[in-house]
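Each chain, written out:
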Amino acid sequence: MNTPTNDAHSHAHSSADALQAAVTMADDYCRERGQKLTPIRRTVLELLLASGRATKAYTLLDEMRAMHPNASPPTVYRALDFLLSAGLIHRIESINAFTVCHDLTHCQHGVLIVCQQCGRVTELQQQQQLRQTLMSQVEASGYRLAGDDIELKGICPACQAAEDPSAHQHDHASH
Ligand SMILES: [Zn+2]
Ligand SMILES: [Zn+2]
């Protein structure tokens, strides 16, 4: 008798485990800071972790309402504000969306590269020297920064592949 393989299952489990491990880490981090990862904050963080890409606030609100029909925009915005101030997530200005920080609690934020098409975000480990050089130039300019995120705009490898006309010709070799 043939039984379905468990491959797909174990894969789903491991990513769910990784998500839970990340949430537990964030929870501990908040507690150490004397703050609380309330159920709403936790759910917003889980949604962002599960999405894996930059997500708009209204999308989060829709997903939230699917689980908690009473969720209101202010509760979601307050949860986002908390997660931002705790350094657990980033606001992606160029596409007005949110994404989870690459290392939830170590707070060494890197340079964010944001795909302008699909919202995928990669956070590059930033060399300390680069940041220091930049900051001293900023200081010399006389500006005071409104935030310390560095955000680059781009098109991710998957979207580039989808754009590539030669890849299309391959798929549809019709005349
Ligand atoms: Zn970060
Ligand atoms: Zn993309």
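First, a word on what this report is: a plain description of the structure on this page. Bear in mind that the values here come from a model prediction, so they are computed numbers and not experimental data.

## Section: the overall build of the chain
No. 1: If you tally the helices and strands in the chain, you get seven helices and five strands.
No. 2: Start at the N end of the chain and walk to the C end: the helices and strands fall as α-α-α-α-β-β-β-β-α-β-α-α.
No. 3: Relative to its full complement of 175 residues, the chain shows a buried share of 21%.
No. 4: For the chain, restricting intrachain contacts to residue pairs at least 6 apart in sequence, the fraction spanning at least 24 positions comes to 56%.

## Structural notes on the packing of helix 2 (residues 39-51) against helix 4 (residues 73-85)
Helix packing for two helices is described by the angle between their axes and how far apart those axes are.
No. 1: Helix 4 packs onto helix 2 with a crossing angle of 75° between their chain directions and a minimal axis gap of 9 Å. Taken together, the axes of helix 2 and helix 4 are roughly perpendicular relative to one another. When helix 2 is examined against helix 4, the residues Ile40, Arg41, Val44 and Leu45 are found in contact with a partner set consisting of Thr75, Val76, Ala79, Leu80, Phe82 and Leu83.
No. 2: The residue makeup of the contact of helix 2 with helix 4, split by class, is eight nonpolar, one polar and one charged.

## Things to note about the nonpolar core
No. 1: Counting residues in each nonpolar core, the largest one holds 29 residues, and the members touching the most others are Val44, Leu45, Leu48, Leu83 and Leu88.
No. 2: Take this core: its biggest share by element is five residues, from helix 2.
No. 3: Those residues within four positions of leucine 48 in sequence are excluded, and the remaining contacts are Thr55, Ile89, Phe98, Thr99 and Val100.

## Here we look at helix 2
No. 1: Compared with the 18 Å implied by 1.5 Å per residue over 13 residues, the 18 Å span of helix 2 between its first and last C-alpha is a close match.
No. 2: The complete set of buried residues in helix 2 reads Arg41, Thr43, Val44, Leu45, Leu47, Leu48 and Leu49.
No. 3: Looking at the residues trailing helix 2, positive phi occurs at glycine 52, about 70°.

## Structural notes on the environment of threonine 75
No. 1: Here threonine 75 lies in helix 4.
No. 2: Residue threonine 75 is classed as partly exposed on the basis of its C-beta count, with 17 C-beta atoms lying within 10 Å.

## Concerning the sheet that holds strand 4 (residues 121-124)
No. 1: Read from one edge of the open sheet, three strands run 4-3-5, paired in mixed fashion. Edge positions in the open sheet fall to strand 4 and strand 5 (150-154), since each of these has one partner strand only. Ignoring which end each strand starts from, the neighbouring axes of this sheet average 25° apart.

## Overview of the packing of helix 3 (residues 57-67) against helix 4
No. 1: The contact between helix 3 and helix 4 brings their axes to 10 Å, and the two run at 115°. For helix 3 against helix 4, the interelement crossing comes out right-handed. Contacts between helix 3 and helix 4 involve Ala57, Leu60, Leu61 and Met64 on the former and, on the latter, Pro73, Val76, Tyr77 and Leu80.
No. 2: Per-class residue counts for the contact of helix 3 with helix 4 are eight nonpolar, no polar and no charged.

Criteria and cut-off values
- Residues numbered from 1 in each chain as written.
- Chains lettered and ligands numbered in written order.
- Predicted model: local features only at pLDDT ≥ 70, side-chain atom pairs only at ≥ 80, totals over all residues.
- Helix = DSSP H or I, 4+ residues; strand = E, 2+ residues; numbered from the N terminus.
- Buried ≥ 20, exposed ≤ 12 C-beta atoms within 10 Å, placed from the backbone.
- Contact = placed C-beta atoms within 7 Å.
- Axes fitted to C-alpha atoms, helices over the stretch in contact; angles between N-to-C directions.
- Parallel < 35°, antiparallel > 145°, perpendicular 65-115°, else oblique.
- Nonpolar A, V, L, I, M, F, W, Y, C, P; charged D, E, K, R; others polar.
- Core = buried A, V, L, I, M, F, W, Y, C linked by C-beta atoms within 7 Å.
- Expected span 1.5 Å × (residues − 1).
- Pairing = 2+ DSSP bridges.
- Left-handed = near helix turned anticlockwise from the far one by under 90°.

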